[in-house]
Amino acid sequence: MEDEPRRHLRYLLLVAICSLGSVPILFVEQESNDLLGFPLWLWSSFFFTACLSVVTAWGIRRFWKDGGSD
């Protein structure tokens, strides 16, 4: 039986949270704060994008089961 990451609700929820977190919508209409010379929204976007790549790799390694052999 083949299994794919898209069939697991927990995985999809984590992907959605990381995807939405990478969009700096929370920083709209706020004063620009800097951290090490870069705006705080940029650090937030980098963090959630890195989390998205980790969650994607985790989902592929954990949930992707291929039924056939090559």
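Quick caveat, the model's predicted, so the values are computed rather than measured. (Residues numbered from 1 in each chain as written. Predicted model: local features only at pLDDT ≥ 70, side-chain atom pairs only at ≥ 80, totals over all residues. Heavy atoms only, no water.)

A. How the structure looks around the overall build of the protein chain. A tally of helices and strands in the protein chain yields two helices and two strands. When the helices and strands of the protein chain are placed in sequence order, the string is α-β-β-α. Counting only residues that meet the buried cut, the protein chain has 20% of its 70 residues in that class. A separation of at least 24 residues holds for 71% of the contacts in the protein chain among residues at least 6 apart in sequence. Total accessible area on the protein chain is roughly 5,800 Å²; 65% of this is exposed by carbon and sulfur atoms. (Helix = DSSP H or I, 4+ residues; strand = E, 2+ residues; numbered from the N terminus. Buried < 20%, exposed > 50% of the residue type's maximum accessible area, 1.4 Å probe, protein only. Contact = heavy atoms within 4.5 Å. Areas by Shrake-Rupley, 256 points an atom, 1.4 Å probe, with all protein chains shown as cover.)

B. How the structure looks around helix α2 (residues 40-63). The terminal C-alpha atoms of α2 lie 34 Å apart, and with 24 residues this matches the ideal 34 Å at 1.5 Å per residue to within 8%. The set of residues buried in α2 consists of L42, S44, S45, V55, G59 and F63. Residues of α2 that are buried in the fold lie against α1 (9-21) and β2 (38-39). (Expected span 1.5 Å × (residues − 1).)

C. Focus on the packing of α1 against α2. Put simply, α1 and α2 touch, their axes get as near as 8 Å, and they point 160° apart. Judged by the angle between their axes, α1 and α2 are roughly antiparallel. With respect to the hand of their crossing, α1 and α2 are arranged in left-handed fashion. Facing R10, Y11, L14, V15, I17, C18, S19 and G21 of α1, the residues of α2 in contact are S44, F48, C51, L52, V55, T56, W58, G59, R62 and F63. Taken together, the residues of the contact of α1 with α2 sort by class into eleven nonpolar, five polar and two charged. (Axes fitted to C-alpha atoms, helices over the stretch in contact; angles between N-to-C directions. Parallel < 35°, antiparallel > 145°, perpendicular 65-115°, else oblique. Left-handed = near helix turned anticlockwise from the far one by under 90°. Nonpolar A, V, L, I, M, F, W, Y, C, P; charged D, E, K, R; others polar.)

D. The packing of aromatic side chains, seen in detail. By the definition in use, this model includes three aromatic pairs. When the centroid spacing of 5.9 Å and the interplanar angle of 85° are considered together, the rings of F38 and W43 count as edge-to-face. Given a relative accessible area of 43%, F38 falls into the partly exposed group. On the basis of relative accessible area, W43 is assigned to the partly exposed category, the value being 30%. Between the aromatic rings of W43 and F46, the centroid separation amounts to 6.5 Å while the plane-to-plane angle is 85°, which identifies the pairing as edge-to-face. (Phe/Tyr/Trp six-rings, centres within 6.5 Å; stacked < 30°, edge-to-face > 60°.)

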